[in-house]
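Examination of the molecular architecture
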Amino acid sequence: MGHSMKHIQSLLACIIILLSLTSRAQQLPLASEAARLCREMQLDAALEKSNLSIADKTESSEAYAWYVNGFVLKEIYKAREYGLRNSTYREEAIKSFANSMKLKNASQHLAMTRLALKYLASTYYNDALQAAQSISGSGEDEAQTLFASFVKWMPIAEPGISMTGYEKEYTKSIGQRYFSLWQRDTDSPEYRDKATAQYEKILKLDDSDVDAYYNLSVIHYNQAVFMYRKIDHETDLFDMMTIQEAASKLIREEALPLMDKAYELAPEKGEVVRGKIILHRALDHEKDVEYFKSEIARLIREGKITADQQK
Amino acid sequence: MDFHIRKYGFYLILSLAACLGSVLACAQTIPDDNTVAIIRANYLYQFANNSDWPAENKKGPFIVGIVGNSDVFDIMVAKYASKPIGSQLLTVIGANEVSTAPHVHVLFVDRSKKADLAKYTRDLRGVSTLIVTNWEGALAQGAHINFLSIDGSIRFEMNKTGMQESAVTPGVKIVQWAIQ
């Protein structure tokens, strides 16, 4: 009996909400019409109607009018400007959603508004990652601007969300880009230093980030390898020994301690164990090389890494 | 009012997939260069270029034999083959060609073929072949020059008497940089 009562109460509550929404829809004819047009994918007509709605004195004070406006703009962004990093539709959509959250009756659309905001914020994040991969000599302003938009809107879309993971991921992406720019011009330390700075920044955010230790180690090791690669028949004996001294010091004092740290944090990660093999081989540590080779064999045997990770 | 709900799931998945892709690609590639082999190969070239052989060995190709270390062999071939040593051109040969070569000027025996050193020192007795190795105690076993690893750097020690017996004269630079 009690159960039936609760059921009836729920039903009544739903009916009341529906009635209130219907009545509001009747009070907001422009917004309701825009929503209908949008549902039918008549986006230009929907936008026109929605713009009239948010310009209307009565409708513009209602959250619903701005919510519909944000939604229409978001649909246009998806249909016409998805992937366009400087999309104005996206920017305007976000502003409308944000406005909607501040207005009368906002709570009735809050869940969906946040979901829409989360979607748009995540597109900023994706675009920031994409922009990071096309950073050139002109700098990282575009990627930073996009990421700043993500950082601004994501916590509004999802209050209490931790941004550290995203910040690390984005910073890694920039570090990776600078690393590959350095690989193209190994004589220029500018990109190497910028890549290093990114990974150091990650360690400030999280001093247990295995990838950051690993990547920093690889940067130092690469620096040494590029020095070794220059040795040829024109290299004087003294010069060769000087190069070797500097390069081995870099591996011994910079690359290896960082790889050790990565290993300490992730002793069963294939690429880290392989990194240990390569660094110890570079220092002619025969016993260590044999030990870590046997570790790789064990990890494969135990199914913890696949055979292709040992290469 | 919920005219949009179904679409979100799809786009959020796309967005997360893009993020995941970037996570998987975050580790840099570590180069596979064998840097110790680069150094050893260069040393072999320096020994060849900065030592003197008897006049009868200054004709034909200047032959460097590599036994038991494919990385050193590959680097020697890539970087030093066909380079002039005096009036001779450097030729690199592998272990299976050593016994048939007319004269091997420099022979590198890697520690992986440690057991073969006795045979080479016996076969090359009285021949002007500079025998180079890379393990502790190799000079006492008949090697002329032996690589050592000191704090990760490759250096070398010499058996001057052995070199004199083989009539190979090390140049000043070689003597100067050998560990005494």
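Residue positions within a chain follow its written sequence, with the count starting from 1. Chain A is the first chain written and ligand 1 is the first ligand written, with later ones labelled in order. The predicted nature of this model means local features are confined to residues of pLDDT at least 70 and side-chain atom pairs, given and counted, to a pLDDT of 80 or more, with totals for whole chains, interfaces and linings taken over all residues. Note: side-chain values were computed over all heavy atoms of the structure, leaving out hydrogens and water.

1. A closer look at the confidence of the model for chain A
Residues and elements named next belong to chain A. Looking at chain A as a whole, the pLDDT averages 90, with 91% of positions reaching at least 70. Model confidence for chain A, summarised as mean pLDDT per element, is weakest for helix α1 (residues 2-27) at 50 and strongest for helix α11 (residues 237-265) at 97. What pLDDT reports is the predictor's confidence in each residue, on a scale of 0 through 100. In this description, contact between two residues means that some pair of their heavy atoms is separated by no more than 4.5 Å. Below pLDDT 50 for its whole length, residues 10-22 participates in two contacts with residues either more than four positions away or in separate chains. Helix and strand definitions here come from DSSP, where helices need a minimum of 4 consecutive H or I residues and strands a minimum of 2 consecutive E residues; each element is numbered from the N-terminal end.

2. With respect to the packing of aromatic side chains
Residues and elements named next belong to chain A. Pairing of aromatic rings covers Phe, Tyr and the six-membered ring of Trp, with a centre-to-centre limit of 6.5 Å; geometry is then stacked below 30 degrees between planes, edge-to-face above 60, and tilted otherwise. Scanning the entire structure with this criterion turns up 23 aromatic pairs over all chains. Judged by centre distance (4.0 Å) and plane angle (5 degrees), the ring pair of F147 and Y170 falls under stacked. Pair noted here: F147 is in helix α7 (residues 141-157) and Y170 is in helix α8 (residues 164-184), with a separation of 23 residues, a long-range link. Only protein chains enter the calculation, and the probe is 1.4 Å; a residue is then buried if its accessible area is under 20% of its type maximum, exposed if over 50%, and partly exposed in between. Residue class for F147 comes out buried when judged on its relative accessible area of 7%. Under the relative-accessibility criterion, Y170 is labelled buried at 2%. In this arrangement the basic side chain of K74 is found over the ring face of F71, its NZ or CZ atom lying 4.4 Å from the centre. Over the face of the ring belonging to Y124 we find R90, whose NZ or CZ atom lies 3.9 Å from the ring centre. We count a charge as sitting over a ring when the NZ of a lysine or the CZ of an arginine lies within 6 Å of the ring centre and within 35 degrees of the ring normal.

3. Here's the deal with the environment of D236 of chain A
Mapped onto the elements of the fold, D236 of chain A is located in the loop between α10 (210-229) and α11. Those residues within four positions of D236 of chain A in sequence are excluded, and the remaining contacts are Q46 and K173 of chain B.

4. Here's the deal with the interface of chain B and chain A
In this complex, chain B contributes 45 residues to the contact, which on the side of chain A involves 58 residues. Summed over both partners, the accessible area (1.4 Å probe) lost when two parts come together is defined as the buried area. For the pairing of chain B and chain A, the buried interface totals around 5,100 Å² over both sides, and the portion due to carbon and sulfur atoms is 60%. Here, a salt bridge means any Lys or Arg side-chain nitrogen found within 4 Å of an Asp or Glu carboxyl oxygen. Counting the contacts that link chain B with chain A gives seven salt bridges. Between K173 of chain B and D236 of chain A there is a salt bridge, with the nearest N and O atoms lying 2.7 Å from each other. Under the rule applied, a polar contact is a pair of N or O atoms within 3.5 Å (in protein, one hydrogen donor and one hydrogen acceptor; residues adjacent in sequence only if both atoms are side-chain atoms). At the junction of chain B with chain A, the criterion picks out 18 residue pairs in polar contact (both at pLDDT 80 or more). Looking at the side of chain B that touches chain A, the elements with two or more residues in it are α1 (5-24), α2 (35-49), α3 (70-80), β8 (153-158) and α7 (172-177) of chain B. Ranked by residues supplied to the side of chain B that touches chain A, first place goes to α1 of chain B with 10 residues.

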